[in-house]
Amino acid sequence: MNEFRRELEAELGSAVTFDPQQTKAYDHDLGEMPSVLMAQIRPVPDAVLAARSPEQVASALRIAARHGVPVTPRGQASSGFGGAIPTRGGLLVDLTPMNAVLGIDPDAGTVDVQPGVVWNALSARLRHAQLDLCTCPTSAPASTVGGWFATGGVGIGSFRYGSIGEVVQEVDVAGLDGRIVTVRGPEMELHHQTCGTLGVVTALRLACRPALPLRSFAIQLEGADGVPALLREARERLDAYSIAFSSAAYLRMRAMAEEEKPAIDRGLLALVTVTEPPGSIPDLAGVLAVAAAVGGTVLPEEVARREWEDRFYPMRIKKLGPALLVGEFYVPAAAFAEACRRIESALSGDLVGIEATAVRGDRMAVLAYLVDPGAGLLFPLRMAKALLPMRIARRLGGSAYAPGLWLASETERCLGSEKFAAYRRKKVQMDPGGLLNPGKLQVTRPRWFPAASLSWAIGIGSTLAGPISRRIPSRRFPAPRPAR
Amino acid sequence: MPSDETRALISAERAEELSEAIDACARCGYCKTGCPTHPFGGGFEAASPRAKVHFLKEQREGAAEITPEWVDRIFQCSSCERCVEVCQTDIPLVEVWEEARAALVRLGLGPMPAHKKMREFVEARNNPYNEPTEQRARWMQPHHQPTPRAEVLVFAGCTASYRMPAMIQTGVTILQRQGIPFVYAGAEEVCCASPFLRTGQTAVADRLMGSNVDLVERLGVKRIVTACAGCSKTLKKDYPGWARARGRPWGVEVVHFAELYARLIQEGRIGFTRSVQKKVTYHDPCHLGRSQRIFDEPRAILRAIPGIELVEMENHREESRCCGAGGGVKAGYPAMAAQIARDRVREAIDTGAEVLVTMCPFCQTSFGQAIQDMGAPIRLAGVDELLLEAAG
Ligand SMILES: Cc1cc2nc3c(=O)[nH]c(=O)nc-3n(C[C@H](O)[C@H](O)[C@H](O)COP(=O)(O)OP(=O)(O)OC[C@H]3O[C@@H](n4cnc5c(N)ncnc54)[C@H](O)[C@@H]3O)c2cc1C
Ligand code: SF4
Ligand code: SF4
């Protein structure tokens, strides 16, 4: 380690730190995991590089490879799958200082960025060129473009434009040999969703949409059964840009957190967002027709405006906790209602808040929230409830949202068999020593990889604890009050 | 050595509430991206508000030690409230920082040397600039005629009294033209205590606040008017709680001149005789905008002035960037404060405006210096200066 340190400091100077007070700040991400799990890994990196250029990243990787030091790339650590947490110490590459917009091509409708650029900052820049983001996560005020690409996700705009993987056209990747290569197509796809386990992304080219104003409408549905029809109608009649759903229970939690009245007291609120060409009048008839087709009711404009304004604040409900147990999964739109029913029945002792995003291709990305006090001996047991929604979704043709560290054993199901096979071949070729973000995604059988066994242990442990954990309620809530 | 209990920076006393609040941190990082002081930590996470919250939680639970570096980071904050504005779980972060700084001072681990100096000055002369107490009224112009008794008290504040008098001078001139009688306490007015509340020096703040509360009681005024964003924030937000906790009366309305001018214009009491042909951009002082939600009034004043073209900076209103001076940063970390001010001036220049206007003498001091250092092609003015120019 001494020789590694000497070389790294000589090459990168003050961009790198070995100060334990600084490195300690990188030992976690969004998720709060029980200490018993954290004790199984070495989450504090030995060194951190606050990267300012692709060259710095490439040099650091080359030096790390020479010394057999593991490397963990990190954006804003706003994901909760453990992907940005080191498992074996080593070097952490903080990419947030690499946040330049490299160039906008208005004719091609594309933008080139460094990986640490924050979504909302990028949106602001693009608007000067009459362009805007096709899609972004609801963490857009903080999360980075590189981090979302490496996690693989869906968000605002995914109903029309699909996942981040469908929006990125090419990426530059730095490998352990210190070279930076530009990849696109199937080669690029291997870097999407794979947590930087094949290299560190140092630049991305993204497709953009014309910066047309957005308008949202809120429709109340009696239940989730109407969702597939709503997606169909909203696509055909409105060419909707984005559709998000919030259950009455979720809105009740949020209203409690904000000390207000909930927007609805039963069913599901669908927030349908459309793009409006300048000068056009809102297609109210279209919205009414969509609502009528699914037996829904169009809610006052004020409700839609409020929901849209709150789009970056899905975790405000954490104020009630202070902990949140979050189950995250994909499920076919046709199975969404059944998934909700089964989750609510399995966790009948709890108030389960559901939030969902509709994704191109009739899929739903779903979050099931339980508000929890987060303390006490039974907390680790209650945490097992967070995996239950994903298991239910799997039985209905769904999958985990992202594997990362904690769900590494779900890698093959998340990537699909074909991509998984190609990814495995590439991993062996690019990183035979397992230095690139070790422990993330499961590449081989668990006995070879201790951190992969950790995710297996989590899987087995939570399966065993599941039946008991369901009987231990999280936060108790008073009976609902009638809405306005 | 204090016990473990009293060593906790966010501890059991006030504490329970703020302690619960930081437990709700979602670790989303929203507070980090807009923080003006974070970039000065080398780009590393530890300098971010998110990391400071994490540190305070760990420190409370005995999992982290207070070190000189952490003390430094906790003071490296301009109290700009950008983090409060965006927080995912509504944590009153600036209150958290102030509570932590007060605890560090109690433990003898803070504040920074420059902040201690300010305390020595205020203890000796009632202002943090070490200016003579008896010269506090030197900003007054010959035509300014306070009355011995009135409903309105003009609170000049230290920066306006000794450093940037233009705004208070204009304000008082307008009061007189409007025939609004006012009292002014001169050397009896003491620092509002803002710099000491922000830097955790609560004992001296206590004395200053007590003295001003006595003054207000003695004068029997109903309204305090001030030109300083920091003074008005402190008088509006900190004094009521302070007085309540000590069973002291504090029934006065606190008004910033921005609110007063906007009201007078709306009531048609200020007429314009001249047009001011200028393209201007307005900087929202943190303690006027985010702290007091006074965003519309300065813009309404500017829009009412004939000839003014108002252009907005990229970051304005709730998203405005800081001038770098608040929270004791200008005194404690002058290089950082100067850089933040230069960045904001650059943003103002990018709008193509000829004049950068603001409504806080403290911001004015920072920008004045930055414009001079940069040789920047932009002039600095107070909103009130343009108002007076147009009102003839
Ligand atoms: C309020 C809130 C709302 C959210 N909403 C959404 C949402 O709508 N959709 C969604 O999918 N997620 C959402 N998330 C989760 C999270 O914000 C996203 O996954 C986000 O894209 C992560 O970006 P990041 O910059 O924080 O990356 P990190 O969390 O730092 O990293 C994510 C993964 O990418 C790797 N990585 C980071 N940068 C690079 C790089 N340059 N090269 C290679 N690998 C890299 C890391 O090692 C890690 O494995 C939300 C989170 C919050 C707090
Ligand atoms: S108050 Fe301003 S300077 Fe201080 S932590 Fe918050 S954003 Fe940063
Ligand atoms: S914005 Fe608030 S919730 Fe998010 S990391 Fe900062 S303090 Fe925590």
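What about the domain arrangement of chain B?
All names here are of chain B.
Okay, so step 1: Domain annotation of chain B identifies domain 1 (5-106), domain 2 (113-261) and domain 3 (272-390).
Okay, so step 2: Taking only C-alpha atoms, the centre of domain 2 and the centre of domain 3 are 22 Å apart.
Okay, so step 3: Residue-level contacts link 26 residues of domain 2 with 25 residues of domain 3.
Okay, so step 4: Together domain 2 and domain 3 conceal approximately 2200 Å² of surface at their shared face, both sides included; 75% is due to carbon and sulfur atoms.
Okay, so step 5: At the surface where domain 2 touches domain 3, the tally comes to zero salt bridges.
Okay, so step 6: Between the two partners, domain 2 and domain 3, sit six residue pairs in polar contact (both at pLDDT 80 or more).
Okay, so step 7: Ranked by the residues each element gives to the side of domain 2 that touches domain 3, the list is headed by helix H13 (residues 229-245), at six residues.
Okay, so step 8: Broken down by class, the residue content of the side of domain 2 that touches domain 3 amounts to twelve nonpolar, eight polar and six charged.

Some remarks on the packing of aromatic side chains
Okay, so step 1: Here the structure, examined in full by the defined rule, presents twelve aromatic pairs over all chains.
Okay, so step 2: Ring geometry for Trp119 of chain A versus Trp148 of chain A: centroids 5.5 Å apart, planes at 85°, classification edge-to-face. Taken together, the residues Trp119 of chain A in helix H5 (residues 119-128) and Trp148 of chain A in helix H6 (residues 145-151) connect sequence positions 29 residues apart. Both residues of the pair, Trp119 of chain A and Trp148 of chain A, belong to the buried class.
Okay, so step 3: Aromatic pair Tyr313 of chain A and Tyr30 of chain B: ring centres 5.5 Å apart, planes at 85°, arrangement edge-to-face. Separated into two different chains, Tyr313 of chain A in the loop between helix H13 (301-309) and strand S15 (323-332) and Tyr30 of chain B in helix H3 (residues 30-34) make up a pair that spans both. As far as the burial class goes, Tyr313 of chain A and Tyr30 of chain B line up, both buried.
Okay, so step 4: Among the aromatic residues, ring-to-ring pairing joins Phe81, Tyr330 and Tyr401 of chain A into one connected group.
Okay, so step 5: The ring centre of Tyr330 of chain A lies 4.3 Å from the NZ or CZ of Arg363 of chain A, which sits over that ring.

Description of the nonpolar core
Residue and element names in this part refer to chain A.
Okay, so step 1: Counting residues in hydrophobic clusters, the biggest one holds 63 residues, and the most contacted among them are Leu230, Leu231, Ile243, Phe245, Val331, Phe336 and Met364.
Okay, so step 2: Leave out the neighbours within four places in its chain, and Met364 touches Val227, Leu231, Phe245, Phe329, Tyr330, Val331, Ala333, Phe336, Ala356, Thr357 and Ala358.
Okay, so step 3: Grouped together as the second largest cluster of nonpolar side chains are 59 residues, Val117, Val171, Met188 and Trp308 included.

Points about the interface of chain A and chain B
Note: interface size is frequently given as the accessible area lost on complex formation between the parts.
Okay, so step 1: With 42 residues of chain A at the contact, the number on the chain B side is 29 residues.
Okay, so step 2: Carbon and sulfur atoms supply 47% of the area that chain A and chain B bury against each other, a total of about 2600 Å² over both sides.
Okay, so step 3: Between chain A and chain B we count four salt bridges in total.
Okay, so step 4: Taking the shortest distance from any N to any O, the salt bridge between Arg316 of chain A and Asp90 of chain B comes out at 3.2 Å.
Okay, so step 5: Those elements that provide at least two residues to the side of chain A that touches chain B are strand S1 (16-17), helix H2 (20-23), strand S2 (47-50) and H5 of chain A.
Okay, so step 6: In terms of residue count, S2 of chain A provides more of the side of chain A that touches chain B than any other element does, three residues in total.

Section: the site of ligand 1
Okay, so step 1: Close to ligand 1 lie 36 residues; Pro73, Ser78, Ser79, Thr144 and Tyr401 of chain A are nearest.
Okay, so step 2: The environment around ligand 1 is built from residues contributed by chains A and B.
Okay, so step 3: Gly83 of chain A has a polar backbone atom sitting 3.0 Å from an oxygen atom of ligand 1.
Okay, so step 4: The side chain of Ser139 of chain A places a nitrogen or oxygen atom 2.7 Å from an oxygen atom of ligand 1.
Okay, so step 5: Here ligand 1 has 960 Å² of accessible area as a free molecule, and 95% of this is covered by the chains.
Okay, so step 6: Put simply, the parts of the chain that give the shell around ligand 1 at least two residues each are strand S3 (71-74), H6 and strand S10 (200-210) of chain A.
Okay, so step 7: A total of five residues in the shell around ligand 1 trace back to one element, the largest contributor, which is H6 of chain A.
Okay, so step 8: For the shell around ligand 1, the residue count by class is 18 nonpolar, 17 polar and one charged.

Definitions and cut-offs
- Residues numbered from 1 in each chain as written.
- Chains lettered and ligands numbered in written order.
- Predicted model: local features only at pLDDT ≥ 70, side-chain atom pairs only at ≥ 80, totals over all residues.
- Heavy atoms only, no water.
- Domains from an automatic or database assignment.
- Contact = heavy atoms within 4.5 Å.
- Buried area = accessible area lost by both parts, 1.4 Å probe.
- Salt bridge = Lys/Arg side-chain N within 4 Å of Asp/Glu carboxyl O.
- Polar contact = N/O pair within 3.5 Å; in protein donor to acceptor, adjacent residues only side chain to side chain.
- Helix = DSSP H or I, 4+ residues; strand = E, 2+ residues; numbered from the N terminus.
- Nonpolar A, V, L, I, M, F, W, Y, C, P; charged D, E, K, R; others polar.
- Phe/Tyr/Trp six-rings, centres within 6.5 Å; stacked < 30°, edge-to-face > 60°.
- Buried < 20%, exposed > 50% of the residue type's maximum accessible area, 1.4 Å probe, protein only.
- Lys NZ or Arg CZ within 6 Å of the ring centre and 35° of its normal.
- Core = buried A, V, L, I, M, F, W, Y, C linked by side-chain atoms within 4.5 Å.
- Near = heavy atom within 4 Å.
- Areas by Shrake-Rupley, 256 points an atom, 1.4 Å probe, with all protein chains shown as cover.

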